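# Residue-level structure breakdown
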Amino acid sequence: ETVIGGNIGYGLSEQAEDLPKEDVVVAELSSFQLEFTQTMKAKAAVILNITPDHLDRHHTMEAYAAAKERIFHNQDTSDYALLNYDDARIKAMEPDMTGTVLWFSTEQEVPAGAFAKDGRLILRMDGCDTEICQENELKLFGKHNVQNCLAAALMAYVAGAPLPVIQHVLKTFKGVEHRIEPVRTINGVPYYNDSKGTNTDASIKALEAFSGHLILIAGGHDKMTPLDDFMNLAAKKVDTMILIGDAADRFEKAAEKAGVKDIRKAGYSMERAIMMARKIAAPPQVVLLSPACSSYDMYDNYEQRGRVFKGIVNAI
């Protein structure tokens, strides 16, 4: 049996009592949860990246990184610590690791682990290289998703999954709801739901996945993270930015400073934002909801926000 929980699915504590020892637990753990873990010992654990988030809680990037690093707490050499070779903060954690370190990278070959090279995803274990699949066989798009696939394949492999099963899943998996999820095309303009873009880094990755000409709906509950990188990229990729929620004023100022040409506000109405977008959208433009904020100013969670967006778009 496999159970999924933590920050996604169900709370792990409510499932723990009934779990036989041989069951596999797949857990996504937030920095909030990890901050207070004492006895957890993961067979294999990964940090995908560390970028500014939850600074309203952790205050400094150092404290945030330290909370995340607790996912490797209590590991021994029979356990695996999977580290992102391309993230300086994560790379610097290597000396602290008590588990066996494996790496993943989209930029370069790694000593051991998984990497992307010449359009191929490659597993490097015990000095042997095995092709996992071709990049163009993935149903997901965007460089961040190649990185996600490398990390997932590596984790599944060290957890004992056979390579043919890993290959089949990578070639057939179409992505999760609310993460750059195609909703529908209206008058030649595709609409995408990226409500899971709850911080600037997640939304940066969404913007990078498109070649440009975006009509971007952003804003929500403001986590007060720095906006410069996000807005500088938006200035290159976004034709029109439509802002909603609590963050609208701060986002507007940062967008103006970065040189975003057309900035509009829709108050606290997703419907107004979508109707504004629909009125101006024409091919080759794309309408993208990627808020770079959490949802708590207007919704119970990002899932509700994404479903509201999809409901309105599907009702047009």
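The preceding data block contains the structure.
Since the structure is predicted, the reported quantities are computational estimates derived from the model, not experimental observations.

Right, let's talk about the state of the cysteines for a bit. What the rule picks out here adds up to zero disulfides. You can see C128 has no disulfide; the closest cysteine sulfur is in C133, sitting 19 Å from it. Free cysteine C149: the closest other cysteine sulfur is in C133, separated by 7.0 Å.

Among the structural elements, V260 can be located in the loop between α10 (248-258) and β13 (262-265). For V260, a relative accessible area of 6% puts it in the buried group. Taking the C-alpha atoms as reference points, V260 and T240, 20 residues apart in sequence, are found 7.8 Å from one another. Leave out the neighbours within four places in its chain, and V260 touches M231, A234, A235, M241 and A255.

The next thing to look at is helix α8 (residues 200-208). The buried count for α8 comes to eight of nine residues, which makes it a mostly enclosed element. Within the sequence span of α8, burial applies to T200, D201, A202, S203, I204, K205, A206 and L207. Of the surrounding secondary structure, the elements contacted by the buried residues of α8 are α6 (143-158), β11 (214-218), α9 (228-237), β12 (238-243) and β14 (286-289). Between the side-chain oxygen of the N-cap and the backbone nitrogen of D201 there are 3.1 Å, and the N-cap of α8 in question is N199.

Moving on, we get to the side chain of S295. With respect to the helices and strands, S295 occurs in the loop between β14 and α12 (302-315). According to the relative accessible area criterion, S295 is buried, its value standing at 2%.

Tallying each qualifying case throughout the model produces 20 salt bridges. Ionic pairing is found between R89 and E62, a salt bridge with its closest N-O pair at 3.7 Å. Taken as a pair, R89 in helix α5 (residues 88-91) and E62 in helix α4 (residues 61-69) lie far apart in primary sequence, 27 residues in all. Under the relative-accessibility criterion, R89 is labelled partly exposed at 33%.

Procedures and definitions
- Residues numbered from 1 in each chain as written.
- Predicted model: local features only at pLDDT ≥ 70, side-chain atom pairs only at ≥ 80, totals over all residues.
- Heavy atoms only, no water.
- Disulfide = S-S within 2.5 Å.
- Helix = DSSP H or I, 4+ residues; strand = E, 2+ residues; numbered from the N terminus.
- Buried < 20%, exposed > 50% of the residue type's maximum accessible area, 1.4 Å probe, protein only.
- Contact = heavy atoms within 4.5 Å.
- Polar contact = N/O pair within 3.5 Å; in protein donor to acceptor, adjacent residues only side chain to side chain.
- Salt bridge = Lys/Arg side-chain N within 4 Å of Asp/Glu carboxyl O.

Keep in mind these values describe shape, not function.
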